[in-house]
Amino acid sequence: MAGMLYLCATPIGNLEDVTLRVLRILREADIIAAEDTRQTIKLLNHYEIKTPLFSYHEHNKKQKTPVLVERMLAGESVALVTDAGTPAISDPGEDLVRACYEAGITVTSLPGAAAVITALTLSGMSARRFTFEGFLPSDKKERESVMERFRTTLCTTIFYEAPHRLVKTLRYFCEAVGEDRNIAVCKELTKKHERARMFTMREAVEYFEENEPKGEYVLVVQGEDPDKLREDERQEWKQMSLSGHMEHYMQQGMDKKEAMKAVARDRGVSKREIYAALLDQKE
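What this report covers is the structure whose coordinates are included nearby.

### What about the overall build of the protein chain?
Tallying secondary structure elements over the protein chain gives 12 helices and 10 strands in all. The globule rule puts the C-alpha radius of gyration for 283 residues at 19 Å, and the 26 Å found for the protein chain is more than 25% above it. Scored against the burial criterion, the 283 residues of the protein chain give a buried share of 42%. Sequence separation of 24 or more characterises 68% of the internal contacts of the protein chain that already satisfy a separation of 6 or more. Counting every atom, the protein chain has about 16,300 Å² of accessible surface; 48% of that belongs to carbon and sulfur. Here the protein chain contributes 41 positive and 46 negative side-chain charges, whose respective centroids are spaced 1 Å apart.

Take a look at the structure:
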């Protein structure tokens, strides 16, 4: 009978932030697949867990995924852990999960700590809708694609960042979304030196230019103001002539009445004003 894959959320700092269920599975599993065995051994030693460790990370996943799948097909159970937090979020765990489903192996996730959620709740930003981007892609084209969404999204957006890249990333954000966008900069979550600071984007750049970043960071950025977005769109439409704006919609199959209604909506005015302006132009 095939074994199982257990995705085990581990503490992101404070070793007390682990569930009883995770501790039980870590003891009962045949092996623990760990992104960084040096980090995981600290948790295992703290709770006196002797289960064998198996190194599984970004640089060996192509070779090690088939090995783990084969062992589970032979009946062994595998507990997967990341450096800290929940597996399969910004780590190679998602590859192993897909391979298990393809092989017919049962997968279950044991919930627990996740830096993205911890930072979001600390930030005071809207949590109704949020986007998690993880680390910015190193590829320029992919990074620009992420930033294009980031510029206009109404959602709170969350990023991870390393200390040596923090200032560069904050400058990049400042240019992309403006100096006044609010950002919460969170570091060392759940640890002794945990800190969450609230800034405008410009204030964040200035602060970390003067204060060397230390520790791992989570950046929580406020979504764009919908009123500002609408106003920006209206200004763009107003750059177009009224007759050109009408033609834009009539070429899509609208009659004159429907086109006037659409133009009025785009420009933030009444249909009556559009009608009057068109009459003036005609005269």
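Having seen the structure, we can now continue with the description.
### Thoughts on the layout of surface pockets
Counted as a void, the largest pocket has a volume near 880 Å³. What lines the largest pocket is a set of 30 residues, and nearest its centre among them are I12, D83, A84, G85 and E216. Elements supplying a minimum of two residues to the lining of the largest pocket: α2 (37-46), β7 (156-161) and β10 (217-221). Top contributing element to the lining of the largest pocket by residue count: α2, with 4 residues. A class-by-class count of the residues in the lining of the largest pocket yields 13 nonpolar, 8 polar and 9 charged.

### Description of the sheet that holds β7
Strand pairing in a sheet relies on backbone hydrogen bonds. The paired strands run either parallel or antiparallel. Taken in spatial order, the 5 strands of this open sheet run β6-β7-β10-β8-β9, and their pairing is mixed. The sheet is open, and its two edges are formed by β6 (130-134) and β9 (195-200), each paired on a single side. Each adjacent strand pair in this sheet contributes to an overall mean axis angle of 20 degrees, direction not counted. Pairing geometry for β6 and β7, over 4 bridges, is parallel. If you follow F132 over to β7, its bridge partner there is I158. Against the sheet, helix α7 (residues 166-177) makes contact with β7, β8 (182-187) and β10, and its axis sits at roughly 10 degrees relative to β10, the strand it touches most.

### Overview of the pairing of β10
Within β10, 5 of the 5 residues are buried, which leaves the element mostly enclosed by the surrounding structure. For β7 and β10, the ladder comprises 5 bridges, and the chain directions are antiparallel. For Y160, the partnering residue across the bridge sits in β10 and is V218. Bridge count between β8 and β10: 5 bridges; the pairing is antiparallel. Residue pairing across strands places V185 opposite L219, the latter belonging to β10.

### Describing empty space enclosed by the protein
One water molecule sets the probe size; rolling that probe over the atoms shows where empty space is left. Throughout the structure, instances matching the rule amount to 1 cavity of 30 Å³ or more. When its volume is computed, the largest cavity comes out at roughly 40 Å³. What lines the largest cavity is E35, Y56, L80, V81, T82, P87, D91, P92 and G93.

### Some thoughts on the sheet that holds strand β1 (residues 4-8)
The parallel open sheet is built from 5 strands, whose spatial order is β3-β2-β4-β1-β5. Since the sheet does not close on itself, it has two edges, and those belong to β3 (53-55) and β5 (106-110), each with one partner. Across the sheet, the axes of successive neighbouring strands diverge by a mean angle of 25 degrees, strand direction being ignored. For strand β2 (residues 31-34) and β3, the ladder comprises 3 bridges, and the chain directions are parallel. Looking across to β3, one finds that A34 is bridged to S55. Of the strands in this sheet, β2, β3 and β4 (78-81) touch α2, which is tilted by about 160 degrees from β3. The sheet contacts of helix α4 (residues 93-103) involve β1, β4 and β5, and relative to β1 the element is tilted by about 155 degrees.

### Some thoughts on the packing of aromatic side chains
Counted according to the given criterion, the structure contains 9 aromatic pairs. Aromatic side chains F159 and F173 sit 4.7 Å apart centroid to centroid with 45 degrees between the ring planes, which places their arrangement in the tilted category. Remark: F173 occurs in helix α7 and F159 occurs in strand β7; sequence separation between them is 14 residues. As far as the burial class goes, F159 and F173 line up, both buried. Counting every residue linked through ring pairs, the aromatic cluster contains F199, Y207, F208 and Y217. The positively charged end of K64 is found above the aromatic ring belonging to F54, 4.9 Å away from the centroid. Just above the ring of F150 sits the side chain of R181; from NZ or CZ to the centre is 6.0 Å.

Analysis parameters
- Residues numbered from 1 in each chain as written.
- Predicted model: local features only at pLDDT ≥ 70, side-chain atom pairs only at ≥ 80, totals over all residues.
- Heavy atoms only, no water.
- Helix = DSSP H or I, 4+ residues; strand = E, 2+ residues; numbered from the N terminus.
- Rg over C-alpha atoms; globule rule 2.2 N^0.38 Å.
- Buried < 20%, exposed > 50% of the residue type's maximum accessible area, 1.4 Å probe, protein only.
- Contact = heavy atoms within 4.5 Å.
- Areas by Shrake-Rupley, 256 points an atom, 1.4 Å probe, with all protein chains shown as cover.
- Lys, Arg positive; Asp, Glu negative; His and termini not counted.
- Charge placed at Lys NZ, Arg CZ, Asp CG, Glu CD.
- 1 Å grid on protein atoms, 1.4 Å probe; cavity = no way out; pocket = protein on both sides within 12 Å on 5 of 7 lines; lining within 4 Å.
- Points joined across faces, edges and corners; volume = space filled by probe spheres on them.
- Nonpolar A, V, L, I, M, F, W, Y, C, P; charged D, E, K, R; others polar.
- Pairing = 2+ DSSP bridges.
- Axes fitted to C-alpha atoms, helices over the stretch in contact; angles between N-to-C directions.
- Phe/Tyr/Trp six-rings, centres within 6.5 Å; stacked < 30°, edge-to-face > 60°.
- Lys NZ or Arg CZ within 6 Å of the ring centre and 35° of its normal.

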